Amino acid sequence: MVKECIIGDSMEKCINITKDSDCCGCRACENICPKKAIKMVENSEGFLYPEVDKEKCVNCGLCTKICPWLNKIKRDKYLEKPICYAAKAKDKKIQKNSSSGGLFGVIAEYVLNNNGVVFGSTMTDKLKVKHIMIEKKDELVKIMGSKYVISDTKGIYSKVKEELLKKKYVLFSGVPCQISALLNYLQKDYENLITVEIVCHGVPSQKLFDKYIEYLENKFGGKILNYQFRSKKAANWGTFKGYAELIKDNKVVNKKINADFDPYYWSFLYSKNYRESCYNCKFANNKRNADITLGDFWGIENVDLNFVDYDGVSAVILNTKKAKDYFNKISDDVEKIEVSYEDICKSNGQLKNPSKRPAERDNWYQNIDDFNFIKNIKISNNLRDYVKIIFPQKLKFKIKKLIKNSKC
């Protein structure tokens, strides 16, 4: 929303959020403000929203000019029809360190090998999720893997611009609203920038994740040192399990966490704990704003059973000519088959529509400050959740291959 009010003979235009669903918390307005008049303030649910200091504001209008919620991306350099692949990294180490097929790692390595820098989301030692810049290949593991928490982009867009002006190759990865925020913030096209978006269902708050870590520490009786969503240390690709490393009785203990029976994970999978804007996301459609869109290729067994890989398969969507050129440069490092956009969308609905808002979201965060908030979440499991335990994804793949081979 844009607030307009008369000050003398001028019209003031500044960010003014009147509905929680009208802001994605990208921090673009805060980053662009030349007078530092905008700060992001956490609401009761733990999500950030802009607050304007009217004493500092000079009515420049930059905040509304670059807001991704208010402004569209220029699409003159986008392909008329995206090029789509199922793909996986040939380097097994990269593939296993990723949540899917490792394509982000391959693209990032190419940029780093060419004296570039890569921006992405990491989980810090204090278990906070934030965007950082890396310059070395041995740092790449920090920004690989899924983080089902909103990543803090404080100060990151100005850092990206700084590196671009040094004429370096820059890879920026994030969720779609963060990509759009960066592109609007820059206000011009940079040939040395490549953007990679992750297919996004929606994001819970850092505050909720902090409560979850407290819950796990009480449950396991130790201090959580590291947490990974969808870790391949816990299970093969396609089986949703978390992996927690903790100190208990002066020993390092590892715990595997089944997503379907875990309150935080289950809530995420069923769209119950997202930011309000996620349910009417302006970027969940077939006009992708990043150069490259990456996600898991769920349902690959229905497209090409021979391409199934227990270590993961990525869905790759090339949206621009720049993306096509980059992908050609790394083609020797990936296995791929060309597929259709519809093939990818069948099990990645957010490429067409936002996640559906469940009725219980109205009160979901209401008691978040209670100590037992996470513990009190009522998980409603169905038969499918129990079947997953008996028939994990790897077993289902094997059965389908046996059936196929028996018919040949």
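Whatever comes next refers back to the structure up there.
The model shown is predicted, which means the values in this text are computed figures rather than measured ones.

### Describing the layout of surface pockets
In this structure, the second largest pocket encloses a volume near 620 Å³. For the second largest pocket, the lining is made up of 24 residues, of which Ile 73, Lys 74, Leu 183, Lys 188 and Asp 189 are closest to its centre. Taken together, the elements giving at least two residues each to the lining of the second largest pocket come down to helix H2 (62-66), helix H6 (176-186), strand S9 (193-198) and helix H10 (321-330). Sorting elements by how many residues they give to the lining of the second largest pocket places H6 first, with 3 residues. Class assignment of the residues belonging to the lining of the second largest pocket gives a composition of 7 nonpolar, 6 polar and 11 charged.

### Focus on empty space enclosed by the protein
Under the definition given, this model contains 4 cavities of 30 Å³ or more. In this structure, the largest cavity occupies an estimated 200 Å³ of space. Along the walls of the largest cavity sit 21 residues, with Cys 177, Cys 200, Gly 202, Cys 278 and Cys 281 positioned nearest its centre. Split by residue class, the lining of the largest cavity holds 14 nonpolar, 5 polar and 2 charged.

### Observations concerning the packing of helix H4 (residues 103-113) against H10
Packing of H4 against H10 leaves a shortest axis separation of 10 Å and a crossing angle of 90°. Comparing their axes, H10 and H4 come out roughly perpendicular. Contacts between H4 and H10 pair Leu 103, Val 106, Ile 107, Tyr 110 and Val 111 from the former with Tyr 326, Phe 327, Lys 329 and Ile 330 from the latter. In terms of residue class, the contact of H4 with H10 is made up of 8 nonpolar, no polar and 1 charged.

### What to know about the sheet that holds strand S12 (residues 251-258)
Each strand in a sheet pairs with another by means of backbone hydrogen bonds, the pair being arranged parallel or else antiparallel. Reading across the sheet, the 3 strands line up as S10-S11-S12 and stay open at both edges, with antiparallel pairing between neighbours. Each of the sheet's edge strands pairs with one partner strand only, and the pair in question is strand S10 (223-228) and S12. With direction set aside, neighbouring strand axes in the sheet form an average angle of 25°. In the sheet, strand S11 (residues 241-248) pairs with S12 via 8 bridges, with the strands oriented antiparallel. Of the residues in S12, the one forming a bridge with Gly 242 is Ile 257. Across the sheet, helix H7 (residues 206-220) touches S10, S11 and S12, and the angle it forms with S10 is around 120°.

### Observations concerning a nonpolar patch on the surface
A contiguous nonpolar surface patch, about 230 Å² in accessible area, is contributed by Leu 225, Ile 247 and Val 252. In this fold, Val 252 is placed in strand S12.

### Here's the deal with the packing of aromatic side chains
Counted under the stated rule, the structure contains 26 aromatic pairs. Relative to Tyr 279, the ring of Tyr 274 lies with its centre 5.7 Å away and its plane at 20°, an arrangement referred to as stacked. You'll find Tyr 274 and Tyr 279 in the same group, each marked buried. We note Arg 75 situated over the ring of Tyr 78; from NZ or CZ to the ring centre the distance is 4.1 Å.

### Thoughts on unusual backbone geometry
Look at Asn 59: it is not a glycine, yet its phi comes out positive at around 65°. Along the chain, Asn 59 falls in the loop between strand S4 (48-52) and H2. Phi is positive for Lys 167, close to 70°, though the residue is something other than glycine. Its location among the elements puts Lys 167 in the loop between helix H5 (156-165) and strand S8 (170-174).

Rules and cut-offs
All residue numbers here refer to positions counted from 1 along the written sequence of the relevant chain. Given that the model is predicted, a residue must reach a pLDDT of at least 70 before its local features are reported, and side-chain atom pairs must reach 80 or more before they are shown or counted; all residues, however, enter totals for whole chains, interfaces and linings. Working from all heavy atoms in the structure, the side-chain values ignore hydrogens and water. Both cavities and pockets are sets of points on a 1 Å grid over the protein atoms alone; in a cavity a 1.4 Å probe fits but cannot get out, in a pocket the set is open with protein on both sides within 12 Å along at least five of seven lines, and lining residues sit with an atom within 4 Å of a point. Grid points are joined across faces, edges and corners, and a volume is the space filled by probe spheres set on the points. Helix numbering and strand numbering both begin at the N terminus, where a helix is a DSSP run of H or I of at least 4 residues and a strand a DSSP run of E of at least 2. As a working rule, the residues Ala, Val, Leu, Ile, Met, Phe, Trp, Tyr, Cys and Pro are called nonpolar, Asp, Glu, Lys and Arg charged, and the rest polar, with Gly in that last group. A fitted line through C-alpha atoms serves as each axis, taken over the contacting stretch for helices, and the angle formed by two N-to-C directions is quoted from 0 to 180°. Each angle is binned into one of four classes, with values under 35 degrees roughly parallel, values over 145 roughly antiparallel, values of 65 to 115 roughly perpendicular, and all other values oblique. Here, two residues are considered to be in contact whenever any of their heavy atoms come within 4.5 Å of each other. Two strands are said to pair when DSSP picks up at least two bridges between them. Here a patch means residues that are over 30% exposed by relative accessible area and free of salt bridges, tied together within 9 Å if like-charged and within 5 Å if nonpolar (Val, Leu, Ile, Met, Phe, Trp, Tyr). Using a 1.4 Å probe, accessible areas were evaluated by the Shrake-Rupley method; residue-level cover was limited to the displayed protein chains. Salt bridges are defined as contacts in which a side-chain nitrogen from Lys or Arg sits within 4 Å of a carboxyl oxygen from Asp or Glu. Two aromatic rings, drawn from Phe, Tyr or Trp (for Trp, its six-membered ring), form a pair once their centres lie within 6.5 Å of each other, and the interplanar angle then sorts them: stacked below 30 degrees, edge-to-face above 60, tilted otherwise. The buried label goes to any residue with under 20% of its type's maximum accessible area, the exposed label to any with over 50%, and the partly exposed label to all in between, with areas taken from a 1.4 Å probe on protein chains only. Charge-over-ring placement is defined geometrically: NZ (Lys) or CZ (Arg) within 6 Å of the ring centre, and within 35 degrees of the ring normal.

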